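Coordinate analysis (summary)
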Amino acid sequence: MAQNTGDFRSVASGNWNNPANWQTYNGITWVAATSFPGQTADADHVLIGNGNTITLNVDITSFTLNNLVIGDNSGSDDILLLPDNGDFEVNIETLAVESDGILEWVKNADIRFPEGAIIYNNGGTISTSKNCNASQVIYIGNDKFSTCNGNGGADYSFDDIESALPPPQSGGDITECEENPIQTLTATATPPSGAYVEWYNSAEGGSMVSPTLSTVGTITYYAESVDNSDPNRKSIFRTAVTLTIEDSPTISVSGSPSCNFFSNTYELEVTVSNGIVTSTEGTVTNISGNQWRISGIPSGNDITATVTAANGCTQDLEVTSPNCTCPVVNAPVSGGNEVYCSTDPVPTINVSIGPGETADWYNAASGGILLLAGSTSYTPSSAGVYYAEARNTVTGCTSNSRTVVSVTEDVPASATMGPDQTVMVSDDAIFNITVSNANTYQWQLSTDGGSIFSNISDGTEYTGTQSTTLTVQNVQVDKNGYLYRVVVSNSMSTCPAFVTGSAQLNVRVRNIITNRKSTYRVNPF
């Protein structure tokens, strides 16, 4: 048994209220007690052991005993005896009867535990020296928890308590501050040997649950022991385990770090959801409400600002020192992104800057390769994303960030016209094109050999005039020699439309067999 200051153990048999029958732990060693358990102070553990029999002859109401253990598992009988006709009220939260422990009634007596108390047998004995009857009673709160013979009612018999499993041993309540992303807490409990744990959402009855928590808040789960071999044999009591995820505060920079060039320091402002702000360096001042200023930070020193909420949860914010050897240089203002067709030259991109400044062009948001120095315009060799940094031409100080300007290349649409089509009168002619990077189509017709082309549309003569396949329906001789082509484009592109070559429609008339003007010769014989 873990020893805590103020614990008691028995050293002799006799009445509970005789200090000579007890020792107490003073934090270093066991010493003779000057009072009995529960007389002058709360106690965490009280042990009846060493083969002693302690007779309960006094109420214990002024102070609380968290755990009373009967039996030290050494083999000798260790007994808590209830005298005949006794009626005792005890502030004992948990009573455990170990393998060599005995909770014994001389004859008839009542023992009253506080609401929420737990009583369990861990291999010991709960019995009476006389006939077992309904006058040997254990109360928990105002309820009759057990009588020796069960009395045929809802209360447990002593045999029921003896045969029930001990409740699981709690793995401990868990309280954590919220993480990002939020964590999942899981309650744990250890069952006695040969048993497993089932979790419930209430101390009695209720539903079986998975004992987890993954949201801010508090929840209590209840663990019950179940025999591996007999699922009907369980613990009478359930062990409560509470999970709590505390709401963590937030902290963010609301006023960017700014330099004081006279004191060679910098300051910034932060906003928090709640709590008090501290910093590894500088002076912290509450401006108003959840606004805080951290000032007087030595130039070049990075800091960690921490907000601590009332619930003890904290959140850190790492702050990088600005370059306080230079005045602030604002980032350039973009002249706009550019888009061009691959058949055209790459366009020039531009930025604007403040007086006494110029711009340097890079291929990355930080670091990277210098592409062009000292110019507010830049003509790249190809499409891409480019970054302009402002620079003071006198001090050489640069902007803390670079301005992004992008150049996007569009690929023009293209198409290849299929072959000429030859059909018989009244048949359909079908023309096709093979396209690349196109999503818009317009078929055109020339009736003058290709001098003039006009748009055509779906109707009785044509279908598919805005697709990759054109059908000329019910072709007649008057369409012989017509030319067809397609204007293709991409609606998402800045490139001009592409016009295909033309394909010709040839119309043939079917052969006619006749006997008109036929001459017949007859040879005589």
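First, a word on scope: everything that follows refers to the structure included in this document.

The rules behind the values
- Residues numbered from 1 in each chain as written.
- Predicted model: local features only at pLDDT ≥ 70, side-chain atom pairs only at ≥ 80, totals over all residues.
- Heavy atoms only, no water.
- Disulfide = S-S within 2.5 Å.
- Helix = DSSP H or I, 4+ residues; strand = E, 2+ residues; numbered from the N terminus.
- Buried < 20%, exposed > 50% of the residue type's maximum accessible area, 1.4 Å probe, protein only.
- Polar contact = N/O pair within 3.5 Å; in protein donor to acceptor, adjacent residues only side chain to side chain.
- Core = buried A, V, L, I, M, F, W, Y, C linked by side-chain atoms within 4.5 Å.
- Pairing = 2+ DSSP bridges.
- Axes fitted to C-alpha atoms, helices over the stretch in contact; angles between N-to-C directions.

What follows deals with the state of the cysteines. Applying the stated rule across the entire model yields three disulfides. Disulfide pairing places Cys177 opposite Cys313 at an S-S distance of 2.1 Å. Judged by the torsion about the S-S bond (-95°), the Cys177/Cys313 disulfide is left-handed. In this pair, Cys177 sits in strand S17 (residues 174-177) while Cys313 sits in the loop between strand S29 (303-308) and strand S30 (314-319), placing the two residues 136 residues apart along the sequence. At a sulfur-sulfur separation of 2.0 Å, the disulfide partner of Cys341 is Cys495. Between Cys341 and Cys495, the S-S torsion sits near 110°, and that sign places the bridge as right-handed. You can see Cys341 sitting in strand S32 (residues 338-341) and its partner Cys495 sitting in the loop between strand S46 (483-489) and strand S47 (498-499), a full 154 residues away along the chain. Note on Cys495: relative accessible area 9%, which makes it buried.

Turning our eyes to something else, we now look at the side chain of Arg402. Mapped onto the fold, Arg402 is located in the loop between strand S37 (384-392) and strand S38 (403-410). Looking at Arg402, its side chain comes within polar contact range of the main-chain oxygen of Gly367, at 2.8 Å. A polar atom in the side chain of Arg402 sits 3.1 Å from the side chain of Glu389.

Turning our attention to the nonpolar core. Nonpolar side chains in soluble globular proteins generally cluster together in the buried interior. Formed by 37 residues in total, the largest nonpolar core has its most connected members in Trp16, Trp22, Leu56, Trp105, Phe113 and Ile138. The dominant element in this core, judged by the number of residues it contributes, is strand S9 (residues 86-97), at five residues. Among the nonpolar cores identified, the runner-up in size contains 24 residues, and Ala429, Trp443, Val486 and Val507 belong to it.

The next thing to look at is the sheet that holds strand S28 (residues 291-298). Strand order in the open sheet formed by four strands is S24-S25-S28-S27, with antiparallel pairing between adjacent strands. The open sheet has two edge strands with one neighbour each: strand S24 (251-260) and strand S27 (283-288). Taken pair by pair, the neighbouring strands of this sheet meet at an average axis angle of 20°, ignoring direction. Both strand S25 (residues 265-272) and S28 contribute to a ladder of six bridges, which runs antiparallel. Residue pairing for S28: Val270 is matched across the bridge by Trp292.

This part takes up the sheet that holds strand S41 (residues 429-436). The strand order S39-S41-S45-S44 describes an open sheet built from four strands, whose pairing is antiparallel. The two strands at the open ends of the sheet, each matched to only one other strand, are strand S39 (414-417) and strand S44 (462-463). Bridging between S39 and S41 involves four bridges; their strand directions are antiparallel. Note that in S41 the partner of Ala415 across the bridge is Val435.

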